[in-house]
Amino acid sequence: MALTESQQTAMDAATRHLVGKYSPKGNRTGWLMMSSILVEAWDLYSIAFVLVFVREQFSPDPLLLGLAAAGTQGGALIGALIGGWLSDKIGRRIMFLSTMFMFIVFALLQGIVPNVGWLVVVRFILGVPLGSDISNSYTYIMEAMPKGKREIMGNRWQFMFAVGEVLTLAVIAVFIVSNMQHEWIWRITLALGAVPAAIILFLRLDLPETAVWLVRRGRFVEAKKVTMQMYGDRLDMLPDHDVTVPKPRLTGFLSDLRKDPIRWRATLYGYIACFCQSSEFSTFAFYIPVLFVSLGVSSILGTDLVTMALFTIAGISGLVGPMLTPKIGHRGISIWGFGIVLVSLLVAAAAIYTDHPGVLPFICATMLWGHYWDASNCMTIPTVVARPEYRGTASGFAYMFVKLPSFLAIFLFPTLFTAIGQAGATLFVAIFPLIGLLTAIFVLPEVYGFDQD
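Everything quoted here is computed from the prediction, not taken from an experiment.

Looking at the overall build of the protein chain
(1) Moving on: Tallying secondary structure elements over the protein chain gives 20 helices and 0 strands in all.
(2) Moving on: Its C-alpha atoms give the protein chain a radius of gyration of 22 Å, within 12% of the compact-globule value 22 Å for 453 residues.
(3) Moving on: Here the C-alpha coordinates of the protein chain stretch approximately 70 × 50 × 35 Å along the principal axes.
(4) Moving on: Counting the 453 residues in the protein chain, one finds 58% classified as buried.
(5) Moving on: Accessible surface computed for the protein chain: about 17,500 Å², of which carbon and sulfur atoms make up 71%.

Below, the structure is given as structure tokens:
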């Protein structure tokens with residue numbers, strides 16, 4: 001049956017109706033989707049600490065070692081775009097199940113690779129389901145939870161990153177203290193990423209497709225079953241039969257955004273904020289050695305423990321930020337976050353110029369606090385304002401702007417850091433929070449509670 005004007009009107013009414021529905025099952029779903037961040041955090045931070053053991057065993061050239069570290073970032077670029085688009089085409093559920101299964105397989109393969117070349121290949125492929133799952137998870141959150149609550153859940157991704165960071169470092173610390181062989185440390189650590197992924201996959205098996213996606217695809221019979229299960233609501237505004245709906249086209253996504261200035265400005269801000277926050281964080285690693293020298297830290301275990309302390313503070317920030325979002329809005333969180341990072345970097349540059357390294361630990365902690373605020377909503381905003389039929393694509397595009405600077409920083413920033421020095425590099429990095437701050441002030445409209453689905 002072809003789609004009629006009255007059926008289109010009914011679909012729009014059902015979508016708006018679902019935005020206001022709440023169910024504890026939806027909250028559980030949100031946390032299950034947010035748990036994907038733990039998987040990415042494990043991979044992202046574990047490789048940073050075990051790379052020294054990989055180099056010790058294989059002695060690869062710097063380029064190959066850099067590719068091993070950046071491999072998942074490159075794969076995630078592809079996964080974010082393809083995964084988000086496929087989520088709109090074939091459904092949220094099939095994507096979050098298939099990507100998690102794929103991650104389990106390739107995470108385990110990391111532990112048995114014979115050389116660094118194969119590690120690069122496996123990690124690149126591993127990045128594809130990572131990028132896909134994050135973008136798909138955001139889409140699921142925005143369709144399974146009501147307005148107001150879905151933004152808070154989406155903004156918790158930085159908190160989940162901090163939890164993953166601390167857990168990863170704690171496990172590595174235990175391995176080091178137990179005097180485990182270095183080869184076993186890096187192999188087991190990388191392969192252990194499959195464990196949380198397997199748990200998440202098991203817990204997700206009973207999750208249905210989102211009612212919003214089913215409605216937008218014209219699958220009204222299934223949509224009614226899902227809403228009865230989740231909310232006890234039959235969606236009486238919809239007929240009791242399915243209708244044929246044209247599948248969304250990738251080319252229609254950007255043209256649709258330009259029709260609504262609120263959506264367009266919010267999405268533009270989201271992309272810029274994703275790039276800026278990822279750039280400021282990806283380059284942050286180059287200040288860690290300065291920080292550790294100022295604290296007298298020289299051992300791998302000491303580095304591990306100090307980093308744990310920093311990310312414990314960051315985790316508190318990642319928990320507080322979403323709680324404040326209903327009070328100060330997305331604009332408030334963004335302005336405060338980028339502002340704190342900007343001031344922190346300027347003070348850090350002054351401290352390095354004047355040879356006062358003792359203040360750097362406090363500056364790093366402050367910078368991470370601000371970063372965990374300015375990064376909190378850069379994925380939430382473009383996903384929540386997107387039309388349901390393009391929501392996966394919107395989330396995937398946003399995540400591409402997170403992964404691109406992460407990938408580039410590993411190759412480009414070391415050269416810049418060496419060329420212009422620590423203080424000069426610090427001032428350079430300050431450009432990113434400055435751009436983010438100005439964009440939050442002059443471009444971002446307040447979209448907390450956005451419900452024009």
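Some remarks on the layout of surface pockets
(1) Moving on: Put simply, the second largest pocket is a space of about 260 Å³.
(2) Moving on: Together, 16 residues line the second largest pocket, and Val245, Pro246, Lys247, Pro248 and Glu389 are the ones closest to its centre.
(3) Moving on: Of all the elements in the fold, those that place two or more residues in the lining of the second largest pocket are helix H1 (5-19) and helix H11 (211-216).
(4) Moving on: Tallied by class, the residues present in the lining of the second largest pocket amount to 8 nonpolar, 1 polar and 7 charged.

Thoughts on helix H3 (residues 36-58)
(1) Moving on: In this model, H3 (23 residues) spans 31 Å end to end at C-alpha, consistent with the 33 Å of a helix rising 1.5 Å per residue.
(2) Moving on: At Val50, H3 shows its strongest bend, of approximately 45°.
(3) Moving on: Ser59 sits one or two positions beyond H3 and adopts a positive phi of about 50°.

Comments concerning the packing of helix H16 (residues 300-353) against helix H17 (residues 360-374)
(1) Moving on: Where H16 contacts H17, the two axes come as close as 4 Å, and the packing angle between them is 145°.
(2) Moving on: Considering only residue class, the contact of H16 with H17 consists of 27 nonpolar, 9 polar and 1 charged.

Let's talk about the packing of aromatic side chains
Each aromatic ring pair is specified by the distance between its two centres and by the angle formed by the two planes.
(1) Moving on: In the structure shown here, the tally under the stated rule is 12 aromatic pairs.
(2) Moving on: Aromatic side chains Tyr138 and Trp157 sit 6.0 Å apart centroid to centroid with 90° between the ring planes, which places their arrangement in the edge-to-face category. Placement of the pair is Tyr138 in helix H6 (residues 116-144) and Trp157 in helix H8 (residues 157-177), with a sequence separation of 19 residues. The residues Tyr138 and Trp157 share a single accessibility class, namely buried.

Topic: the side chain of Arg216
(1) Moving on: Mapped onto the elements of the fold, Arg216 is located in helix H11.
(2) Moving on: Judged by relative accessible area, Arg216 falls into the buried class, the value being 8%.
(3) Moving on: Of note is the side chain of Arg216, whose polar atom sits 3.0 Å from the side chain of Thr15.
(4) Moving on: A polar contact of 3.4 Å, which involves the side chain of Arg216, links it to the side chain of Glu389.
(5) Moving on: In this structure Arg216 touches Gln8, Met11, Asp12, Thr15, Val245, Pro388 and Glu389, once residues within four positions along its chain are discounted.

Focus: a nonpolar patch on the surface
(1) Moving on: Taken together, the side chains of Ile78, Ile82, Trp85, Phe124 and Leu250 make up a nonpolar region of the molecular surface, amounting to roughly 410 Å² of accessible area.
(2) Moving on: The element best represented in the nonpolar patch is helix H4 (residues 62-90), accounting for 3 residues.
(3) Moving on: By the secondary structure assignment, Ile82 is in helix H4.
(4) Moving on: Take Ile82: its relative accessible area is 42%, and that puts it in the partly exposed class.

Regarding the nonpolar core
(1) Moving on: Counting residues in each nonpolar core, the largest one holds 97 residues, and the members touching the most others are Met34, Val50, Trp157, Phe311, Tyr372 and Met379.
(2) Moving on: The element contributing the most residues to this core is H6, with 12 residues.
(3) Moving on: When neighbours within four sequence positions are excluded, Met379 is seen to be in contact with Ile134, Tyr138, Trp157, Cys274, Ser395, Ala398, Tyr399 and Val402.

Regarding the side chain of Ser334
(1) Moving on: On the secondary structure map, Ser334 appears in helix H16.
(2) Moving on: With a relative accessible area of 0%, Ser334 lands in the buried category.
(3) Moving on: Separated by 2.8 Å, the side chains of Ser334 and Tyr269 make a polar contact.

Description of the pattern of salt bridges
(1) Moving on: Tallying each qualifying case throughout the model produces 17 salt bridges.
(2) Moving on: The partner of Asp88 in a salt bridge is Arg92, and the shortest N-O contact between them spans 2.7 Å. For the pair shown, Asp88 and Arg92 are each scored as buried.
(3) Moving on: The partner of Arg387 in a salt bridge is Asp256, with the nearest N and O atoms 3.0 Å apart. Note that Arg387 is positioned in the loop between helix H18 (380-385) and helix H19 (391-429) and Asp256 in helix H13 (residues 250-257), a separation of 131 residues in sequence.
(4) Moving on: A single salt-bridge network, built from bridges that share partners, covers Asp88, Arg92, Glu143 and Arg391.

So, the state of the cysteines
(1) Moving on: Scanning the entire structure with this criterion turns up 0 disulfides.
(2) Moving on: Its sulfur unpaired, Cys274 is 3.4 Å from the next cysteine sulfur, which belongs to Cys378.
(3) Moving on: The class for Cys274 is buried, based on a relative accessible area of 0%.
(4) Moving on: Residue Cys378 is classed as buried on the basis of its relative accessible area of 0%.

A word on unusual backbone geometry
(1) Moving on: The backbone of Asn179 sits at a positive phi, close to 60°, despite the residue not being glycine.
(2) Moving on: Given a relative accessible area of 69%, Asn179 falls into the exposed group.

Examining the confidence of the model for the protein chain
Atomic detail in the predicted coordinates should be set aside for any region of low pLDDT.
(1) Moving on: Averaged over every residue, the pLDDT of the protein chain is 88; residues scoring 70 or more account for 94%.
(2) Moving on: Mean pLDDT across the elements of the protein chain ranges from a minimum in helix H15 (residues 288-295), with 56, to a maximum in helix H20 (residues 431-442), with 97.

What to know about the environment of Arg92
(1) Moving on: Looking at where Arg92 falls in the secondary structure, it is placed in helix H5 (residues 92-110).
(2) Moving on: Between the C-alpha atoms of Arg92 and Leu214, which are 122 residues apart in sequence, the distance is 9.8 Å.
(3) Moving on: In this structure the side chain of Arg92 is engaged in a polar contact, spanning 3.0 Å, whose partner is the backbone oxygen of Ser87.
(4) Moving on: A polar contact is formed between the side chain of Arg92 and the side chain of Glu143, at a distance of 2.7 Å.

Criteria and cut-off values
- Residues numbered from 1 in each chain as written.
- Predicted model: local features only at pLDDT ≥ 70, side-chain atom pairs only at ≥ 80, totals over all residues.
- Heavy atoms only, no water.
- Helix = DSSP H or I, 4+ residues; strand = E, 2+ residues; numbered from the N terminus.
- Rg over C-alpha atoms; globule rule 2.2 N^0.38 Å.
- Buried < 20%, exposed > 50% of the residue type's maximum accessible area, 1.4 Å probe, protein only.
- Areas by Shrake-Rupley, 256 points an atom, 1.4 Å probe, with all protein chains shown as cover.
- 1 Å grid on protein atoms, 1.4 Å probe; cavity = no way out; pocket = protein on both sides within 12 Å on 5 of 7 lines; lining within 4 Å.
- Points joined across faces, edges and corners; volume = space filled by probe spheres on them.
- Nonpolar A, V, L, I, M, F, W, Y, C, P; charged D, E, K, R; others polar.
- Expected span 1.5 Å × (residues − 1).
- Bend = angle between axes of the 7 residues up to and from the residue.
- Axes fitted to C-alpha atoms, helices over the stretch in contact; angles between N-to-C directions.
- Phe/Tyr/Trp six-rings, centres within 6.5 Å; stacked < 30°, edge-to-face > 60°.
- Polar contact = N/O pair within 3.5 Å; in protein donor to acceptor, adjacent residues only side chain to side chain.
- Contact = heavy atoms within 4.5 Å.
- Patch = residues over 30% accessible without salt bridge, like charges linked within 9 Å, V, L, I, M, F, W, Y side chains within 5 Å.
- Salt bridge = Lys/Arg side-chain N within 4 Å of Asp/Glu carboxyl O.
- Core = buried A, V, L, I, M, F, W, Y, C linked by side-chain atoms within 4.5 Å.
- Disulfide = S-S within 2.5 Å.
- pLDDT = per-residue confidence, 0-100.

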